[in-house]
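Chains, contacts and geometry: an overview
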Amino acid sequence: MHLLPANITLTQAEESLVGRTGREQRLRVALDKVIDDYDWILVDCPPTLGILTVGALSAAQRVLIPLQAETLSHRGVGQLLDTIHDVRKFINPKLEILGVLPTMYDGRTKHAQNVLDAIHETYDLPVLMPPIPKTIRFAEAPAIGRSVLSTARTSKGADAYRQIAAGLVAASSKRARSDIG
């Protein structure tokens, strides 16, 4: 496994791409050189719909939409889906939406469940389960430069992420078998 974390220079990269030809294709071209070396390549995008996000969507086969289970985040899904529609139309027609991954989910509130119901009803998107619960463990882990999977392995949040990962791997394996047959 390789991890390439972002830092402040990513902002400079986006600025330098603004006037460049083929800016939406640059990440895809770079990944094409190493794609056969990995089973999975995950690209975490900034919470904006700028050049970096469009470039990631252009390079991707599938997109997973993380969503804080709050009203303002819900409103942003519509804008992201508009961008995905445009990317499919003009750049990457095979881009598939895996679904919405609810994060910072507070199961004690009716509001959080209402947001998930609204996402499913409004956009007809699958909502991956289990939702990732809101927990202080997610704030503590980066403070010491580690993953919640290493600092709080048995926490509900870490367990939820493991369940989501297992489900995605199983779905990917099933998809690969059906592509062969």
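These notes cover the structure that comes with them. Keep in mind it's a predicted model, so treat the numbers as computed, not measured.

Looking at the overall build of the protein chain
Summing up its helical and strand segments, the protein chain has eight helices and two strands in all. Listing every helix and strand of the protein chain by position from the N terminus yields α-α-α-β-α-β-α-α-α-α. Its C-alpha atoms give the protein chain a radius of gyration of 17 Å, near enough to 16 Å, the size a compact globule of 181 residues would have. A principal-axis box enclosing the C-alpha atoms of the protein chain has dimensions of 50 × 40 × 40 Å. Counting only residues that meet the buried cut, the protein chain has 29% of its 181 residues in that class. Partitioning the contacts of the protein chain with sequence separation of at least 6, the portion at a separation of at least 24 is 70%. Accessible surface, the protein chain as shown: approximately 12300 Å² in total, 56% of it carbon and sulfur. Taking the 21 positively charged and 19 negatively charged side chains of the protein chain as two groups, their mean positions are separated by 3 Å.

Quick notes on the pairing of strand 1 (residues 62-68)
The two faces of strand 1 differ: Val63, Ile65 and Leu67 on one face are buried, but Arg62, Leu64, Pro66 and Gln68 on the other face are not. Chirality of the crossover, the property in question, places the unit of strand 1, helix 4 (residues 71-90) and strand 2 (residues 96-103) among those that are right-handed.

Details of the pattern of salt bridges
Tallied over the entire structure, the rule returns four salt bridges. Where Glu140 meets Arg137, a salt bridge forms, and the shortest distance between an N and an O atom there is 3.0 Å. Here the residue Glu140 and the residue Arg137 both occupy positions in helix 6 (residues 137-143), the gap between them amounting to three residues, near one helical turn. Take Arg137: its relative accessible area is 37%, and that puts it in the partly exposed class.

Side note on the environment of Val77
Note that Val77 resides in helix 4. For Val77 and Pro66, which are 11 residues apart along the polypeptide, the C-alpha to C-alpha distance reads 9.4 Å. In contact with Val77, not counting residues within four places along its chain, are Leu67, Ile119, Tyr123 and Leu125.

Things to note about the nonpolar core
The nonpolar side chains of a soluble globular protein tend to be buried, and buried together. Ranked by internal contacts, the top residues of the largest apolar core, which has 17 residues, are Ile65 and Ile84. The element best represented in this core is helix 4, accounting for five residues. Beyond its immediate sequence surroundings of up to four residues, Ile84 is in contact with Leu57, Val63, Ile65, Leu95 and Ile97. Residues Leu101, Leu128, Ile132 and Leu168 belong to the second largest nonpolar core, which totals six residues.

Cut-offs and rules
Residues numbered from 1 in each chain as written. Predicted model: local features only at pLDDT ≥ 70, side-chain atom pairs only at ≥ 80, totals over all residues. Heavy atoms only, no water. Helix = DSSP H or I, 4+ residues; strand = E, 2+ residues; numbered from the N terminus. Rg over C-alpha atoms; globule rule 2.2 N^0.38 Å. Buried < 20%, exposed > 50% of the residue type's maximum accessible area, 1.4 Å probe, protein only. Contact = heavy atoms within 4.5 Å. Areas by Shrake-Rupley, 256 points an atom, 1.4 Å probe, with all protein chains shown as cover. Lys, Arg positive; Asp, Glu negative; His and termini not counted. Charge placed at Lys NZ, Arg CZ, Asp CG, Glu CD. Right-handed = clockwise from strand over helix to strand, strands pointing away. Salt bridge = Lys/Arg side-chain N within 4 Å of Asp/Glu carboxyl O. Core = buried A, V, L, I, M, F, W, Y, C linked by side-chain atoms within 4.5 Å.

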